[in-house]
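Observations on chain architecture
Residue strings, one per chain:
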Amino acid sequence: MTTDARTEEILKADIRKLKPVETLRLVNSRSAETLSESRLRRDRARSGDKIGDGSTVDLLKYAAYLTLRYDGPKRLTPKIATLAENVATGYEAIRNAARDRASESVRAAQEIGELPPVKNPERRAKAEASFLYFCQAYFGSLFYLAWSEIHFQIVAKIERVVRNGERFALATPRGTGKTTFSVLAVLWAALTGKTDYVVLIAASSDRAQNLLETIKTWLETNAELAADFPEVCVPIRKLERVAHRQKGQRYRGVPTRIEWGANKIVFPTLEGARTSGVVIQCAGMSGAEIRGLQHARADGTLVRPTLAFVDDPQTRDSARSKAQTDVREQIIKADILGMAGPGKKIALLITTTVVCENDLACRLLDRKKNPGFRGEKYRLLESPPTNAALWDEYRAILEAELANDGDGSQATEFYRANREAMDEGAVASWPARHNDDELSGIQFAMNLKFRDEAAFMSEYQNEPVVVDEGDGEVLSAEEIVAKTSGCGRGAAPTESQILTGFVDVHKDLLFWAAVAWERDFGGAVVDWGVYPEQPKRDFYRLADASPTLLDAHPGAGLEGAIYGALKALTDKLVGDGVPRDDGLIMRFDRVLIDANWGQSTDVVYRFCRRSPHGAILTPSHGVYVGASSRPFSDYRRKRGDLIGPHWRVPAEPGSRNVRRVLIDANFWKSFVHGRLATPEGDVGSLSLSGEERERAALAKHLTAEYRVAVKREDSERRVDEWKIRRGRPDNHWFDCLVGCAVGASMSGAVLPTSRNAEPEPTERRSAPRRVSFAEIQRERRRGR
């Protein structure tokens with residue numbers, strides 16, 4: 001190995017601090033022993049601290065020491081001579097020079113350089129003058145639907161807040177874009193220099209930081225924004241998302257004093273820039289986070305917030321807590337309104353959505369209680385449709401279709417065919433807002449209403465309904481199982497006088513039930529089941545059905561399978577009847593068949609028209625009547641209509657040539673629950689036949705829903721609304737009992753008014769029907 005090669009090998013090692021043994025190993029690594037341990041020890045003793053610190057050896061200094069001591073400079077190669085000379089004169093000088101070069105490189109990197117000119121001065125000038133233009137010019141991709149009048153009004157309110165220092169509280173439908181507008185308004189006010197200090201406040205600190213992170217992302221990535229506002233965006237982009245660079249950043253040698261934190265950003269201070277030192281800060285709805293906010297500038301002045309945007313200041317939990325609502329209302333009135341400091345007024349915009357009655361949004365929007373906020377509500381439906389009957393039919397089709405794994409397309413086709421009549425009277429505040437599988441904003445709004453009316457009224461209409469979570473009377477499965485008629489399954493008590501049935505139609509199964517009633521609505525659930533029968537006689541789910549209707553009718557299509565199943569089931573039920581304890585056979589007075597599911601509706605009507613049992617078969621449609629719905633009592637009776645308590649049979653049979661019954665499902669579910677809750681022996685008590693195991697299976701369906709008492713805020717009308725429990729358990733036999741109860745009412749059963757726990761029916765009762773001689777004879781044979 002040459003001298004140069006050996007030198008390079010030595011220079012690659014960490015040779016400034018070697019242990020003695022490492023020194024020996026390195027020096028002797030390329031040839032026979034060059035340096036002995038005794039010689040190294042002797043040289044270290046002779047040199048003192050010139051070649052090390054007592055425990056380590058600096059190989060460079062050692063080489064220089066040996067060279068100068070034994071060989072002299074004249075025998076060195078030029079490279080080694082230079083190295084020895086540098087070591088001799090002080091290696092620290094080399095390190096200092098390297099450090100100086102590194103420092104100069106860092107200072108050069110901290111300098112952001114000259115700013116580019118504004119790319120489009122005309123666009124910037126328009127954006128500074130108009131918040132609407134700012135949104136459309138720089139953030140057009142966020143607004144992919146046509147704007148509505150609500151959006152233009154929100155924009156106008158924001159400009160008044162920013163320019164004039166006004167205060168507003170706005171409640172908009174969920175999903176209208178109020179959060180997007182709030183965040184854009186913060187950015188617009190800061191970029192255009194219309195405020196020195198703006199605060200963005202949300203319900204929680206995490207939520208507020210997420211909103212500020214959105215602003216930071218826009219400043220870093222929006223190309224149009226960077227082109228027109230270089231004095232802000234260029235220094236921010238120079239940070240390259242490395243936060244510690246902010247402290248050393250300079251412009252023309254002067255620190256920019258930029259801040260880039262998780263809950264606070266400060267725009268760079270540049271000579272001549274209106275945005276110098278503008279502060280954007282975020283905070284949650286906590287007094288500790290809001291009180292005392294201020295920022296010290298380079299000139300020694302202190303600035304405090306002059307503008308605040310509050311986006312959705314409540315959570316669902318806080319909205320339902322009076323204590324939390326009181327605290328948040330006080331934070332807004334005391335802490336937020338006081339942020340500007342003594343003698344100064346802060347501009348404020350609060351955007352919110354109503355969650356429930358008397359929540360924070362309701363309080364802020366109440367112009368009588370809080371006139372200073374000038375609250376204003378916006379609705380998804382400015383006015384509802386007037387043709388309630390068609391919408392009830394649409395809802396029945398939709399819910400039946402979804403219950404049978406449909407996608408809602410049949411309901412949409414029904415709406416398409418009847419759109420002009422169904423849209424009559426309705427006005428959607430945002431016509432362009434609807435899903436791809438919907439035809440209009442009106443249909444979108446009504447679908448939301450049908451999905452959850454209470455949520456729709458509060459979060460989309462900003463008119464909350466009053467919800468009572470229950471009156472303590474909702475029965476448990478154990479309480480229902482305990483109510484036994486004492487009869488075996490399939491047998492009716494001796495006092496029974498009316499026999500009704502109901503068939504709930506699904507794609508895979510038919511659920512059915514039969515109830516024997518007394519004329520005062522006492523009775524017993526005598527039998528229930530499914531067609532085709534399942535291997536597990538009692539405990540099974542619709543989703544796990546096997547065999548299905550198609551299995552039971554091989555070779556038939558779905559409609560054919562449903563028709564065949566209805567024929568087989570009704571032939572057996574109606575043909576066999578139900579034996580009473582005294583030996584008499586009861587015959588069915590009325591059997592209702594669910595016709596709500598769109599794919600089965602025509603089949604059910606056709607079957608009822610052609611069946612030999614057609615005299616007692618009636619297609620039925622359950623109608624959802626909530627707090628904001630038109631009650632049955634408001635329907636104008638037409639000639640030939642049959643009207644009963646919360647049910648009606650319209651006179652016109654329609655194109656299917658079969659009369660149908662429309663049922664107020666919520667009322668009759670409460671009615672059936674009331675019968676189950678009535679103690680045994682009292683008038684109107686409903687019990688269950690069969691063994692305990694069999695009753696337990698039925699009770700699971702009867703407890704699959706729960707009821708809430710609901711009242712609109714602007715109305716005294718209160719109704720029960722029944723909702724499916726979490727997990728969507730099967731509730732089909734509950735629907736069957738409801739149909740059986742309606743059938744009993746149609747057959748003459750009446751609950752004595754003094755015993756009626758439900759609201760008394762306000763509809764006019766139908767005239768008594770004529771009775772034929774054959775019917776009188778049949779009643780005598782039944783022992784009535």
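My aim in this report is to walk through the structure given alongside it, one point at a time. Just so it is clear, the structure is predicted and the values come from calculations on it, not from any experiment.

Some words on the overall build of the protein
Scanning the protein from N- to C-terminus turns up 30 helices and 28 strands. In the protein, which comprises 784 residues, the share counted as buried stands at 51%. Partitioning the intrachain contacts of the protein with sequence separation of at least 6 by distance along the chain shows that 69% fall at a separation of at least 24. Entry remark: accessible area of the protein is about 37,100 Å², with carbon and sulfur atoms responsible for 49%.

Observations concerning the packing of aromatic side chains
Within this structure, the stated rule accounts for 24 aromatic pairs. Through successive ring pairs, a cluster of aromatic residues spans Phe 134, Tyr 138, Phe 139, Trp 218 and Phe 229. Above the plane of the ring of Trp 528 lies Arg 489, whose end atom (NZ or CZ) is 4.1 Å from the centre. Residue placement shows Arg 648 over the ring face of Phe 632; its charged tip is 4.8 Å from the ring centre.

What to know about the sheet that holds strand E7 (residues 279-284)
Pairing within the open sheet is mixed, and its 8 strands lie in the order E5-E6-E7-E2-E10-E11-E1-E12. Only two strands of the sheet have a single partner each, and these edge strands are strand E5 (259-260) and strand E12 (376-377). With 5 bridges joining them, strand E10 (residues 307-311) and strand E11 (residues 347-352) adopt parallel strand pairing. Across the sheet, residue Val 310 finds its bridge partner in E11, namely Ile 350. Contacting strand E2 (197-202), E5, strand E6 (264-266), E7 and E10, helix H11 (residues 205-221) crosses the sheet at an angle of about 155° to E7.

Remarks on the pattern of salt bridges
If the charged atoms of two oppositely charged side chains come close together, the side chains can form a pair. In total, this model carries 42 salt bridges according to the counting rule given. Across the pair Lys 178 and Asp 312 runs a salt bridge, and its minimum N-O distance is 3.6 Å. Here Asp 312 lies in the loop between E10 and helix H15 (316-319) and Lys 178 lies in helix H10 (residues 178-191), a separation of 134 residues in the sequence. Judged on exposure class, the residue Lys 178 and its partner Asp 312 are both buried. Between Lys 723 and Asp 452 there is a salt bridge, with its nearest N and O atoms 3.6 Å apart. Taken as a pair, Lys 723 in strand E28 (residues 718-724) and Asp 452 in the loop between helix H21 (441-451) and helix H22 (453-460) lie far apart in primary sequence, 271 residues in all. Residue Lys 723 is classed as buried on the basis of its relative accessible area, which comes to 18%.

What about unusual backbone geometry?
Here the bond from Tyr 531 into Pro 532 is cis, since omega is -5°, no more than 30 degrees from zero. Of note, Pro 532 is situated in the loop between strand E18 (523-531) and helix H24 (549-552). Located in the positive-phi region is Glu 240, a residue other than glycine, with phi close to 55°. Among the secondary structure elements, Glu 240 is positioned in the loop between helix H13 (230-238) and strand E3 (250-251). With relative accessibility at 55%, the residue Glu 240 sits in the exposed group. Here Arg 252, not a glycine, exhibits a phi torsion of approximately 55°, which is positive.

Description of the side chain of Arg 123
By the element assignment, Arg 123 lies in helix H7 (residues 121-129). The exposure class of Arg 123 is buried, given its relative accessible area of 17%. Residues within four places of Arg 123 in sequence aside, it is in contact with Tyr 133, Ala 137, Tyr 138, Glu 224 and Asp 228.

Concerning the packing of H7 against helix H8 (residues 131-138)
Two elements in contact, H7 and H8, have axes separated by 5 Å at closest approach and are oriented at 135°. In terms of orientation, H7 lies oblique with respect to H8. Contacts from Arg 123, Arg 124, Lys 126, Ala 127 and Ala 129 of H7 reach H8 at Phe 131, Tyr 133, Phe 134, Ala 137 and Tyr 138. Grouping the constituent residues of the contact of H7 with H8 by class yields 7 nonpolar, no polar and 3 charged.

Side note on the sheet that holds strand E17 (residues 510-517)
Read from one edge to the other, the open sheet built from 9 strands follows the order E23-E24-E25-E22-E21-E16-E17-E18-E26, with strand pairing classed as mixed. The sheet is open, and its two edges are formed by strand E23 (642-644) and strand E26 (686-688), each paired on a single side. Mean inter-strand twist for the sheet, computed between neighbouring axes without regard to direction, equals 25°. In the sheet, strand E24 (residues 647-649) pairs with strand E25 (residues 661-664) via 2 bridges, with the strands oriented antiparallel. Bridge pairing links Trp 647 to Ile 663 in E25. Taken strand by strand, helix H27 (residues 665-677) contacts strand E22 (617-623), E24, E25 and E26, and its axis lies near 65° from that of E25.

Calculation criteria
Here the residue numbering is sequential within each chain, running from 1 through the sequence in written order. Restriction of local features to residues with pLDDT of at least 70 applies here, the model being predicted, together with a cutoff of 80 or more for giving and counting side-chain atom pairs; totals for whole chains, interfaces and linings are based on all residues. Only hydrogens and water are removed before side-chain values are computed, so all heavy atoms of the structure are retained for them. A run of H or I in DSSP becomes a helix once it reaches four residues, and a run of E becomes a strand once it reaches two; helices and strands are each numbered from the N terminus. The cut-offs for exposure are 20% and 50% of the maximum accessible area for each residue type, with area from a 1.4 Å probe on protein chains only; residues under the lower value are buried, those over the upper are exposed, and the others partly exposed. Here a residue-residue contact requires only that any non-hydrogen atoms of the pair lie within 4.5 Å. For the accessible areas, the method is Shrake-Rupley and the probe is 1.4 Å, while residue cover comes only from the protein chains on display. The pairing test for Phe, Tyr and Trp rings, Trp by its six-membered ring, is centres within 6.5 Å, and the orientation test on the planes gives stacked under 30 degrees, edge-to-face over 60, and tilted for anything in between. Two conditions define a charge located above a ring, namely a distance within 6 Å from the ring centre to NZ of Lys or CZ of Arg, and an angle within 35 degrees of the ring normal. One requirement defines pairing of two strands: DSSP has to find at least two bridges between them. All axes here are fitted lines through C-alpha atoms, helices being fitted over the stretch that makes contact, and every angle between N-to-C directions spans 0 to 180 degrees. The rule for a salt bridge is simple: a side-chain nitrogen of Lys or Arg has to be within 4 Å of a carboxyl oxygen of Asp or Glu. Here the angle decides the label: under 35 degrees means roughly parallel, over 145 means roughly antiparallel, 65 to 115 means roughly perpendicular, and every other value means oblique. Classification convention: Asp, Glu, Lys, Arg as charged; Ala, Val, Leu, Ile, Met, Phe, Trp, Tyr, Cys, Pro as nonpolar; all other residues, Gly among them, as polar.

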